[in-house]
Amino acid sequence: MASMGFTGTRVRQALRAGLGTAGAVALLFAGAPSADAGARGCNHRTCISVQGGGLRVDSVSASTTWNGDFTGHFHIWGGGLDTNSRKGFWGYHQQFTVRVGRDLPNRSVVCAEGWEHVDGGFQSRGRACEEIHL
């Protein structure tokens, strides 16, 4: 009889483990939150905004922070992107946007960097990055 109790305990443990796994799988397919292409972040005086859902990226935008105005250009790269904006004055609410319209590889990192043009050279005004993943 003692072995029956041991077997019963093992069966209960196996069932609990199986139900836990089944519950996790059910959450995955029932719409558990996932990080996707819709993301925004800032670093120093540069911000990045990624529009889309899942791995699909509709567009990537670079902008300045409040009081982060500068004269220069933005560079957006990563996940197969590599584009520079025109040189100009970039003030708050102005954005440089790159249209993408496709899936990017899972775990791609997309970055935007602001470059101020100073005395014939360039000075970084921040690099903001976001990871595209499921």
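One can find the structure itself at the top, above this paragraph.
Calculation rules
Residues numbered from 1 in each chain as written. Predicted model: local features only at pLDDT ≥ 70, side-chain atom pairs only at ≥ 80, totals over all residues. Heavy atoms only, no water. Salt bridge = Lys/Arg side-chain N within 4 Å of Asp/Glu carboxyl O. Helix = DSSP H or I, 4+ residues; strand = E, 2+ residues; numbered from the N terminus. Buried < 20%, exposed > 50% of the residue type's maximum accessible area, 1.4 Å probe, protein only. Pairing = 2+ DSSP bridges.

(A) Structural detail: the pattern of salt bridges. With the rule as written, the count across this model stands at four salt bridges. Between Arg127 and Glu113 there is a salt bridge, with the nearest N and O atoms lying 3.2 Å from each other. With a gap of 14 residues between them, Arg127 in strand 9 (residues 121-132) and Glu113 in strand 8 (residues 108-118) connect regions that are remote in the sequence. Residue class for Arg127 comes out partly exposed when judged on its relative accessible area of 43%.

(B) Focus on the pairing of strand 8. Where strand 4 (residues 70-78) lies against strand 8, six bridges are found, and the strand directions are antiparallel. Directly across from His73, in strand 8, lies its bridge partner Trp115. Pairing geometry for strand 8 and strand 9, over ten bridges, is antiparallel. Residue pairing across strands places Val118 opposite Gly121, the latter belonging to strand 9. Adjacent in sequence and paired antiparallel, strand 8 and strand 9 are bridged by two residues, among which Asp119 carries a positive phi angle near 50°.

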